[in-house]
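Coordinate analysis (summary)
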Amino acid sequence: MKIKQVILRHLKMDLLYPFVTSFGAEYDKDFILVEIMNEDGLVGWAENVAMPTPYYNEETVKTNWHMLEDFLIPTLLNSEIHHPDELAEKFAHIRGNYMAKACLNMAVWDLYAREQNASLASVLGGTKKTIDVGVSIGIKDSIEATLDVIEQRRAEGYKRFKLKIKPGWDVELIDKVRKVFPEIPLMADANSAYTLEDMNLLKALDDYNLMMIEQPLAYNDIIDHAELQANLKTPICLDESIHSLEDTKKALKLGSCKIINVKVGRVGGLTEAKKIHDYCLERNVPLWCGGMLEAGVGRAHNIAMTAMPGFTLPGDTAGSSLYWAEDIIEPEVTVENGTITVPTTPGMGYEVSMDKVKKYTLYSKTYR
Ligand code: OSB
Ligand code: MG
């Protein structure tokens, strides 16, 4: 294929409920939607997961637009591509900027699958017909409010409950949740809110049979995490620290974690995500698909990726209705008994609703 046109759209959609983490509160979703077109007029879609602020990682919507416009799109346009993996090679000389690279990689994968009239899941080597999903629950005003949300999500069938924690919202929260729900699959995500100084506090979490603690220490660390893991029974899962297969190998070798969270955006695309998947599957390292509060297009890519057999733990890809009054894809993502059915139609398997895309677009630009 040759990519003849790229359209970047800046969308803004209200979140139904604010999402609060140790690094801040999100009230809406500001993001770049990518549409690419090949020489035959066939299109591929992807969502860029950079946030407006550099608090989860260093990338932002603006830095991503800059990287896309000034470096990545010029490299992509008109170059001959036989397989999406070739794009990773073409971008290899550009340092970092994983989220910016990822959205073009994902759009090319979607288009590649459509060219073959095959589902993205099947082209990636996905074998599952349904995927198991959990839910990520932000920091609430009270523990009572958190218990209410867990009860609601449990009734909806979600298979794993992730609670955001931060200093002052940690051991007491987990203790009370465990008293009310002694058996639920429960985990905590700190988004880098602690340091090794908090060793005793983090060790106290060992008493609650958590599936894992996600990214307790610095976003760019694997050394201190290794020391912490040596002192914990609970597995550590790394999110922010993992950008590549190389990072995955090093973190596992050092003992910095026992579980990996893959976010397609954070690792530069589906090509690298698949490499991490293959490595973890071969070594029985538990793996799951993280989320970035994606709208429908990003959600569709996550579902296709999670269809690969190595995604052994429920991910964060919840149903559209937990985030949006209306999603930008049709049908919306629905969850039944804690599972999502993997679509079998060509590409990412959901239709982009152009009416809704137009409604939420602030600005767009076409590159050819
Ligand atoms: O750390 O996994 C995270 C959302 C934004 C940024 C980082 C994270 C998250 C979530 C939400 O936990 C996952 C989701 O529901 O999409
Ligand atoms: Mg996380």
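Presented here is an overview of the structure given in this document. (Residues numbered from 1 in each chain as written. Chains lettered and ligands numbered in written order. Predicted model: local features only at pLDDT ≥ 70, side-chain atom pairs only at ≥ 80, totals over all residues. Heavy atoms only, no water.)

**Things to note about the overall build of the chain**
Per the secondary structure count, the chain includes 12 helices and 15 strands. Projected onto its principal axes, the C-alpha coordinates of the chain cover approximately 60 × 40 × 35 Å. Residues classed as buried in the chain amount to 59% of the 368 residues present. Residue pairs in contact within the chain that sit at least 24 positions apart in sequence constitute 72% of those at least 6 positions apart. Counting every atom, the chain has about 14700 Å² of accessible surface; 50% of that belongs to carbon and sulfur. (Helix = DSSP H or I, 4+ residues; strand = E, 2+ residues; numbered from the N terminus. Buried < 20%, exposed > 50% of the residue type's maximum accessible area, 1.4 Å probe, protein only. Contact = heavy atoms within 4.5 Å. Areas by Shrake-Rupley, 256 points an atom, 1.4 Å probe, with all protein chains shown as cover.)

**Examining the side chain of N105**
Among the structural elements, N105 can be located in helix α3 (residues 98-115). Setting aside anything within four residues of it in sequence, one finds N105 in contact with P84, L87, G268, G269, L270 and T271.

**Some thoughts on helix α8 (residues 223-230)**
Residues H225, A226, L228 and Q229 constitute the buried set of α8. The buried residues of α8 all sit within an arc of 165° when viewed along its axis, so they share a single face. Of the exposed residues in α8, the ones pointing more than 90 degrees away from its buried face are I223 and A230. As for α8, its buried residues are in contact with α7 (199-204), β9 (236-238) and α9 (245-254). (Arc of directions from axis to C-beta.)

**Observations regarding the layout of surface pockets**
In this structure, the largest pocket spans a volume of roughly 410 Å³. Taken together, 19 residues make up the lining of the largest pocket; nearest its centre are Y17, P18, K140, V149 and R153. Broken down by secondary-structure element, the contributors of at least two residues to the lining of the largest pocket are β1 (3-21), β5 (135-137) and α5 (143-156). The class makeup of the residues in the lining of the largest pocket is 13 nonpolar, three polar and three charged. Each pocket or cavity is described by its volume, and for the second largest pocket that value is around 290 Å³. Around the second largest pocket, the lining comprises 16 residues; the ones closest to its centre are A88, Y98, K101, V267 and E272. Counting only elements with at least two residues in the lining of the second largest pocket, the list comes to α2 (85-91), α3 and α10 (270-282). Tallied by class, residues from the lining of the second largest pocket come to six nonpolar, six polar and four charged. (1 Å grid on protein atoms, 1.4 Å probe; cavity = no way out; pocket = protein on both sides within 12 Å on 5 of 7 lines; lining within 4 Å. Points joined across faces, edges and corners; volume = space filled by probe spheres on them. Nonpolar A, V, L, I, M, F, W, Y, C, P; charged D, E, K, R; others polar.)

**Focus: the pairing of β1**
Sheet topology note: the β1/strand β2 (residues 24-38) ladder contains 14 bridges and is antiparallel. Each bridged residue has a counterpart across the sheet, and for D14 the counterpart in β2 is D28. Linking β1 to β2, which pair antiparallel, is a turn of two residues. Bridge count for β1 against strand β15 (residues 361-367) is six bridges, and the pairing is antiparallel. Paired with L11 across the two strands is T361, which belongs to β15. (Pairing = 2+ DSSP bridges.)

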